[in-house]
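These are the residues of each chain, in order.
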Amino acid sequence: MLEKIKNLKNKIKENYKVARAFFKKAYNKHIIYLYVVTSLLINLFLEMCARHSFMEGIYFLIGSPYVFICNSLIILITLSVTLLMRRRIFGISLISFIWIVLGISNSVLLANRVTPFTATDLAMIDNALGVVNKYFSSFQVGFVILAFFLGIFYLIVLFLKAPKVNHKIKYIRNIIGIIIIFFIGVGAINLGIASELISLKFGELRTSYYEYGFVYCFTNSLINTGIDKPNAYSDKQIENIVSNEEKISKAKKKPNIIFLQLESFFNIQNLKEIKVSKNPLPNFTKLMKNYPSGYLNVPIVGAGTVNTEFEVMTGIDLDFFGPGEYPFKTKLLGTTCESICYNLKEYGYKCHAVHNNTATFYGRNIVFSNLGYDTFTSIENMNIDDFTPMGWAKDYFLTEYIMKALKSTKKQDFIYTISVQGHGSYPKDGDFNYPIKIKGIKDEDVKHQYQYYAWQTYEMDRFIGALIHELETFDEETILVMYGDHLPSFGITGDDLTNGDVYETPYVIWSNFKNNYYKSEDLEAYQLESKILEGLNMNSGKINKYTQTHKNDDPETYRDGLRNLSYDLLYGDNYATDGENPYQPTELKLGLDEVKVSSVTPINDDAGTVYIYGNYFTSYSKVYINDEKQKTIYIDPNTLSIEYPDLKDGDSLSVYQQNSDEHVLSKTDPYIYTSEELKPSVTQNTNKNKKNKRK
């Protein structure tokens, strides 16, 4: 028996030596086969991830072999650079690891937000980290982190242990080889585009990823950004586009204008196979029957709220940009742009943004300055204490801050309000008392998700009713424009809908005064501004004027002109505005109220408790002493407390409004503590605060 075991060990050793010798020979002499096979296998894995199915990945390989090869060639191009490395196995593994991480990220995003992973998402990792707990459990997050670090550990081991090339690298030959592989890949892709097997421009992003493959589409989103220079772009072309424009017209009326963008908002009664116990949107449904309304054609499905914002605020078609691009993250962080705010400022409007989520999400705290807003009230400057089970702020709080913005000036106000309550993800289970029951869905998990969604939109509809009630009695004329930013992330298709289009969301135009300025019609999201302003006879802004004048022209001619004008204003030579960008960033004020510190009171207990009194504190208020952050307890809008036993005369104290250590939005002027000053007692302040709360 022992002899047999010994012989078996010897055979294993011999086979290992033979295999190792074969591998070394293949590795050194036939390395190209390793590259090709690795590219094909990685691509197959990525497509299986994208389709959430092993067999669907195989079907893609069999059904679209040319497209599959083009995607594999892109991977091969990235792997080929390791031909210049002595540690090739490590290099191949590293690049393969990056592709696999990208593919898994795409799979996760498709499962949770419907839209696929694009290069722009890499610029929004900080935003993703801020909401990851709303989509995944702690266990899931921990598992992903563990898997990632195991991958890193494996790469480190490979770097230290993997074999190196044991012959002299012929760099010139290998560089020529890399160039040949590159041109073969580019040539194959261009041939695919010419034969229409692959498209350079995408329509529906998810469909394009499905048809053309993850690797090609992701790479396209990486290198194809901004607005391409139109073939006909020139100073004469732009002059022709704007030559017939009138000067700024006199407005018929200057009411307050409120845009209310409702998160993931639509009526699930529009789904063919679903039956509900009652209408989840009674207020909105009634408004659509009695006021100008229709469908708004938005640029995204399931996620990407700011791309609808971009179209509505600027009047520019997102289709002019690269696939999956977010102009808020790629262009508007560093430049101003014509917007409804700048256009309304020509008529004396003050412009406000209101959003019950963090100010830094999608970089709004920077972008809104470049779009002409004067104030931005985000959740950091709100006192919100009611959230959905998934952690999103309830929308009914927005009424208070909309009305506060209206009352903050004596002139006309424009308010762009961004809702968040309907945001995904939607739980598959939970002990909830759903106000609306659903029939027609057999899968219990999916049924729970739809009932949860119906519940949230039902509450959003109640918020709409309450807001209109406030505006009906408001003594200033006001127009309220309401619309959904996109459909929710349920993987809904056009065949599921009565209107047949996943890019259509409902809109309605309400006012607290009689007007006949608007008619019901379906619109592109980028035409909404021009519709509202045209009804009031406001034609300021090059893009606004162009759409008002030419939207009923031949569609191709209209879009060509809009593309030229958009390129000129954002990327070109500003021929339309005499060679200069006429828009200057605003001094954006974060919050309508100024946070202040009025007094500081230590109570000399064992813990060193210190009370900070002032105005407009929120749960996002953090106390800093001598520029060092202190653990802060929010008590009420007038009171914070910290434990700081070492407080002494001359210490500098400030209150910061921040959603993380990296994102400080504002801070108070330094308050210099002195024990000699007269300060109200703790008891007096506490009693006063209790009275204020009762009021």
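Visitor: Help me understand the sheet that holds strand β16 (residues 633-636), please; the structure alone is not making it clear to me.
Guide: Pairing between sheet strands relies on hydrogen bonds along the backbone, with the strands arranged either parallel or antiparallel. On the basis of which strands lie adjacent, the open sheet formed by four strands has the order β12-β13-β17-β16 and antiparallel pairing. Lying at the two open borders of the sheet, with one neighbouring strand each, are β12 (596-602) and β16. Averaged over all pairs of adjacent strands, the angle between strand axes in this sheet comes to 25°, irrespective of strand direction. As judged from the six bridges shared by β12 and strand β13 (residues 609-615), these two strands associate in the antiparallel manner. Residue pairing across strands places V597 opposite G614, the latter belonging to β13.

Visitor: What exactly am I supposed to notice about helix α19 (residues 528-535) here?
Guide: Count 3.6 residues to each turn of an α-helix, and residues three or four apart come out pointing the same way. By the criterion of burial, α19 is predominantly enclosed, with seven of the eight residues buried. Listing the buried residues of α19 in full gives L528, E529, S530, K531, I532, L533 and G535. Remark: N537 follows α19 within two positions and exhibits a positive phi of approximately 65°.

Visitor: Would you explain the packing of helix α3 (residues 54-63) against helix α4 (residues 65-80) in this entry?
Guide: Packing of α3 against α4 brings their axes to within 5 Å, and their N-to-C directions diverge by 105°. Relative to α4, the element α3 lies roughly perpendicular. Only P65, V67 and F68 of α4 make contact with α3, whose side of the interface consists of F60, L61, I62 and G63. The residue inventory of the contact of α3 with α4, partitioned by class, reads six nonpolar, one polar and no charged.

Visitor: What is the right way to look at the pattern of salt bridges in this model?
Guide: Here the idea is simple: oppositely charged side chains can pair when their charged atoms come close. Summed over the entire model, instances satisfying the criterion amount to eleven salt bridges. Residue R364 is joined to E309 by a salt bridge in which the shortest nitrogen-to-oxygen separation is 2.5 Å. Placement of R364 in helix α16 (residues 364-370) and of E309 in helix α13 (residues 305-314) is noted, with a sequence separation of 55 residues between them. Residue classification places R364 among the buried residues on the basis of a relative accessible area of 2%.

Visitor: Please clarify how unusual backbone geometry should be interpreted in this entry.
Guide: Note: most residues except glycine have negative phi, and most peptide bonds are trans. With an omega of 5°, the peptide bond between G424 and S425 qualifies as cis. Note that S425 resides in the loop between β6 (413-418) and β7 (438-439). Phi is positive for N537, close to 65°, though the residue is something other than glycine. Within the element layout of this structure, N537 appears in the loop between α19 and α20 (542-550). For N574, which is not a glycine, the phi torsion comes out positive at approximately 55°.

Visitor: Before we go on, may I ask you to explain the packing of aromatic side chains in this structure?
Guide: For any pair of aromatic rings, the description rests on two quantities: the centre-to-centre distance and the angle between the ring planes. Following the criterion strictly, the structure yields 37 aromatic pairs and no others. Judged by centre distance (4.6 Å) and plane angle (35°), the rings of Y342 and Y583 are tilted. With Y342 in helix α15 (residues 340-345) and Y583 in the loop between α21 (555-570) and β11 (589-590), this residue pair connects regions lying 241 residues apart in the sequence. No difference in accessibility class separates Y342 from Y583, as the two residues are buried. Their ring planes at 75° and their centres at 6.1 Å tell us that Y434 and W455 sit as a pair that is edge-to-face. One end of the pair, Y434, is in the loop between β6 and β7; the other, W455, is in helix α18 (residues 444-472), and 21 residues separate them in sequence. By relative accessible area, which is 5% here, Y434 ends up buried. What links up through ring pairs into an aromatic cluster is the set F266, Y426, F432, Y434, Y450, Y452, Y453, W455 and F490. Against the face of F60 rests R51, its NZ or CZ located 4.3 Å from the ring centre.

Visitor: What should I look at first to understand a negative patch on the surface in this one?
Guide: Taken together, the side chains of D429, D443, E444 and D445 make up a negatively charged region of the molecular surface. Of note, D445 is situated in helix α18. Of the residues examined, D445 reaches a relative accessible area of 38% and is grouped as partly exposed.

Visitor: What exactly am I supposed to notice about the nonpolar core here?
Guide: In globular proteins that are soluble, nonpolar side chains generally tend to be buried together. Formed by 67 residues in total, the largest nonpolar core has its most connected members in F259, F368, Y373 and F414. Element by element, the count of residues in this core is highest for α21, at six residues. Contacts of F368, omitting those with residues within four sequence positions, involve E309, M313, F328, A353, Y373, F376, I418, T586 and L588. Formed by 58 residues, the second largest nonpolar core is a distinct cluster that contains Y401, Y434, Y453 and W510.

Visitor: I keep staring at α4 and nothing clicks. Help me out?
Guide: For α4, which comprises 16 residues, the first-to-last C-alpha distance of 22 Å matches the rise-based estimate of 22 Å (1.5 Å per residue) to within 8%. Taking burial as the measure, the 16 residues of α4 include twelve buried ones, the bulk of the element. Listing the buried residues of α4 in full gives V67, F68, C70, N71, S72, L73, I74, I75, L76, I77, L79 and S80.

Visitor: Could you clarify how one ought to interpret the pairing of strand β17 (residues 639-643) in this entry?
Guide: The two faces of the sheet receive side chains in turn, since in a regular strand these alternate between them. The buried count for β17 comes to four of five residues, which makes it a mostly enclosed element. Bridging between β13 and β17 involves five bridges; their strand directions are antiparallel. Looking at β17, one finds that Y613 is bridged to T639. Bridging between β16 and β17 involves three bridges; their strand directions are antiparallel. Each bridged residue has a counterpart across the sheet, and for I633 the counterpart in β17 is S641. Here β16 folds back onto β17, and the loop between the two strands holds two residues.

Visitor: In this structure, what is going on with the confidence of the model for the protein? I would like to understand it.
Guide: In this model, the protein carries an average pLDDT of 88, and 89% of its residues clear a pLDDT of 70 or more. Here residues 678-695 is modelled with pLDDT under 50, and outside its nearest four sequence neighbours on either side it reaches 19 contacts, counting other chains as well.

Visitor: Looking at this model, I keep getting lost on empty space enclosed by the protein. Mind explaining?
Guide: Any space left empty among the atoms is revealed by the rolling of a water-sized probe across them. Taken as a whole and assessed by the stated rule, the structure comprises three cavities of 30 Å³ or more. In this structure, the largest cavity spans a volume of roughly 40 Å³. Contributing to the lining of the largest cavity are F266, N270, Y295, L487, L497, N499, D501, E504, T505 and P506. Looking at which element gives the most residues to the lining of the largest cavity, the answer is strand β9 (residues 504-511), with three residues. Considered class by class, the residues forming the lining of the largest cavity number five nonpolar, three polar and two charged.

Visitor: Is there a simple way to explain the pairing of β13 in this structure?
Guide: Across the seven residues of β13, six count as buried, placing the element largely inside the fold. The turn linking β12 back onto β13 is made up of six residues, and N604 within it adopts a positive phi angle of 60°.

Visitor: Would you explain the sheet that holds strand β1 (residues 256-262) in this entry?
Guide: Reading across from one edge, β10-β3-β9-β8-β1-β6-β4-β5-β11 is the order of the nine strands in this open sheet, with mixed pairing throughout. The open sheet has two edge strands, β10 (523-524) and β11, and neither has a second partner. Looking at chain direction, strand β4 (residues 350-355) and β6 are connected through six bridges and run parallel. Considered in β6, the bridge of H352 is made with I415.

Cut-offs applied
Residues numbered from 1 in each chain as written. Predicted model: local features only at pLDDT ≥ 70, side-chain atom pairs only at ≥ 80, totals over all residues. Heavy atoms only, no water. Pairing = 2+ DSSP bridges. Helix = DSSP H or I, 4+ residues; strand = E, 2+ residues; numbered from the N terminus. Axes fitted to C-alpha atoms, helices over the stretch in contact; angles between N-to-C directions. Buried < 20%, exposed > 50% of the residue type's maximum accessible area, 1.4 Å probe, protein only. Parallel < 35°, antiparallel > 145°, perpendicular 65-115°, else oblique. Contact = heavy atoms within 4.5 Å. Nonpolar A, V, L, I, M, F, W, Y, C, P; charged D, E, K, R; others polar. Salt bridge = Lys/Arg side-chain N within 4 Å of Asp/Glu carboxyl O. Phe/Tyr/Trp six-rings, centres within 6.5 Å; stacked < 30°, edge-to-face > 60°. Lys NZ or Arg CZ within 6 Å of the ring centre and 35° of its normal. Patch = residues over 30% accessible without salt bridge, like charges linked within 9 Å, V, L, I, M, F, W, Y side chains within 5 Å. Areas by Shrake-Rupley, 256 points an atom, 1.4 Å probe, with all protein chains shown as cover. Lys, Arg positive; Asp, Glu negative; His and termini not counted. Charge placed at Lys NZ, Arg CZ, Asp CG, Glu CD. Core = buried A, V, L, I, M, F, W, Y, C linked by side-chain atoms within 4.5 Å. Expected span 1.5 Å × (residues − 1). pLDDT = per-residue confidence, 0-100. 1 Å grid on protein atoms, 1.4 Å probe; cavity = no way out; pocket = protein on both sides within 12 Å on 5 of 7 lines; lining within 4 Å. Points joined across faces, edges and corners; volume = space filled by probe spheres on them.

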